[in-house]
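Chain and residue survey
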Amino acid sequence: MISAPETPRVRLRQWRPEDRVPFAALNSDPEVMGCFPAPLSREESDALAERFSALIDLNGWGFWAMEEKVSGTFLGTVGLHHQPDRFPFSPCTEIGWRLAKPFWHKGFACEAATACLAFAFQELRLNEVVSFTSIHNVSSESLMLRLGMTKQSYFLHPSLPPEHRLALHVLYHLKR
């Protein structure tokens, strides 16, 4: 198994059963989920955590659970996901993050995402990583810029009807 990235403050790791409750809490928070189609039910959140865990078991990497090293507090998820055919720009590997609101604007997402990008380029030897979000998600787009990513284009998310308020997404990329 490939070792997950770590930073001075953050540990990325495989999911544990005790992560389900705080993950469900952040996935049901309307503010955290404001740029997603809807908050997730407990069942949907648990299923998502299970998918993330299974992909880490399969590949050795993915969307890891993120915890603060000092306290062991679950912060959210940060990681990488291969998208072989879902988007017009596929195949690609995306980087993404989702943190509980109390941990926003404290540098955790940037720190963990920076470590994930290093992992993508050094360990996985990827040539490019992409990230995307709804055009309304100014905070995530700002993080993409802080990570050194460059705006590439706009696209309509294939899982949403074209008229949906969140359908228009911005695509960023970073080359090795």
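Residues numbered from 1 in each chain as written. Predicted model: local features only at pLDDT ≥ 70, side-chain atom pairs only at ≥ 80, totals over all residues. Heavy atoms only, no water.

1. Regarding the overall build of the protein
The secondary structure content of the protein amounts to 4 helices and 7 strands. Scaling as 2.2 N^0.38, a compact globule of 176 residues should have a C-alpha radius of gyration of about 16 Å, and the protein matches this with 15 Å. Its C-alpha atoms give the protein principal-axis dimensions of roughly 40 × 35 × 30 Å. Counting over 176 residues, the protein shows a buried share of 48%. Of the contacts made within the protein by residues no fewer than 6 positions apart, 61% connect residues no fewer than 24 positions apart. Of the accessible surface of the protein, which amounts to about 8,700 Å², a share of 56% is contributed by carbon and sulfur atoms. Measuring between centres, the 18 positive side-chain charges of the protein sit 5 Å from its 19 negative side-chain charges. (Helix = DSSP H or I, 4+ residues; strand = E, 2+ residues; numbered from the N terminus. Rg over C-alpha atoms; globule rule 2.2 N^0.38 Å. Buried < 20%, exposed > 50% of the residue type's maximum accessible area, 1.4 Å probe, protein only. Contact = heavy atoms within 4.5 Å. Areas by Shrake-Rupley, 256 points an atom, 1.4 Å probe, with all protein chains shown as cover. Lys, Arg positive; Asp, Glu negative; His and termini not counted. Charge placed at Lys NZ, Arg CZ, Asp CG, Glu CD.)

2. Some thoughts on the packing of aromatic side chains
The geometry of an aromatic ring pair is captured by the separation of the ring centres together with the interplanar angle, meaning the angle of the planes. Under the criterion given, the structure shown has 14 aromatic pairs. Both rings, one in F89 and one in F155, keep their centres 4.9 Å apart while their planes meet at 75°; by these two values the pair is edge-to-face. With F89 in the loop between β3 (74–83) and β4 (92–99) and F155 in strand β6 (residues 150–156), this pair connects stretches of sequence that are 66 residues apart. A relative accessible area of 7% places F155 in the buried class. (Phe/Tyr/Trp six-rings, centres within 6.5 Å; stacked < 30°, edge-to-face > 60°.)

3. Looking at the packing of helix α1 (residues 20–27) against helix α2 (residues 42–59)
For any two helices packed against each other, the geometry is given by the interaxial angle and the distance between the axes. Across the interface, α1 lies against α2 with an axial gap of 9 Å and an inter-helix angle of 120°. Classed by the angle they form, the pair α1 and α2 counts as oblique. Between α1 and α2 the crossing geometry is right-handed. Side by side, α1 and α2 meet where R20, V21, F23, A24 and N27 of the first sit next to R42, S45, D46, L48, A49, E50 and F52 of the second. Taken together, the residues that form the contact of α1 with α2 break down as 6 nonpolar, 2 polar and 4 charged. (Axes fitted to C-alpha atoms, helices over the stretch in contact; angles between N-to-C directions. Parallel < 35°, antiparallel > 145°, perpendicular 65-115°, else oblique. Left-handed = near helix turned anticlockwise from the far one by under 90°. Nonpolar A, V, L, I, M, F, W, Y, C, P; charged D, E, K, R; others polar.)

4. Remarks on the pairing of strand β2 (residues 63–68)
Along any regular strand the residues' side chains alternate between the sheet's two faces. Burial within β2 is extensive, with 5 of its 6 residues counted as buried. Note: strand β1 (residues 10–13) against β2, 4 bridges, orientation antiparallel. When the sheet's bridge partners are listed, R13 is paired in β2 with A65. With 5 bridges connecting them, β2 and β3 associate as antiparallel partners. Each residue of the ladder has a partner; that of W64, found in β3, is V78. (Pairing = 2+ DSSP bridges.)

5. Quick look at unusual backbone geometry
A cis amide bond links S90 to the next residue, P91, at an omega of 5°. Within the fold, P91 resides in the loop between β3 and β4. Of note in this structure, H105 is not a glycine but carries a positive phi near 60°. Residues other than glycine seldom take positive phi values, yet R125 does so here, at roughly 60°. Within the element layout of this structure, R125 appears in the loop between α3 (108–123) and β5 (128–134). Classification of R125 as exposed rests on a relative accessible area of 52%.

6. Structural notes on the nonpolar core
By size, the foremost hydrophobic cluster in this structure holds 43 residues, and its most contacted members are V78, I95 and W97. Contact partners of V78, with chain neighbours within four places excluded, come to L12, G62, F63, W64, M66, G96, W97, L99, A112, A113 and C116. Core analysis: the next-biggest nonpolar cluster, separate from the first, contains 6 residues, C92, V130, F155 and L171 among them. (Core = buried A, V, L, I, M, F, W, Y, C linked by side-chain atoms within 4.5 Å.)

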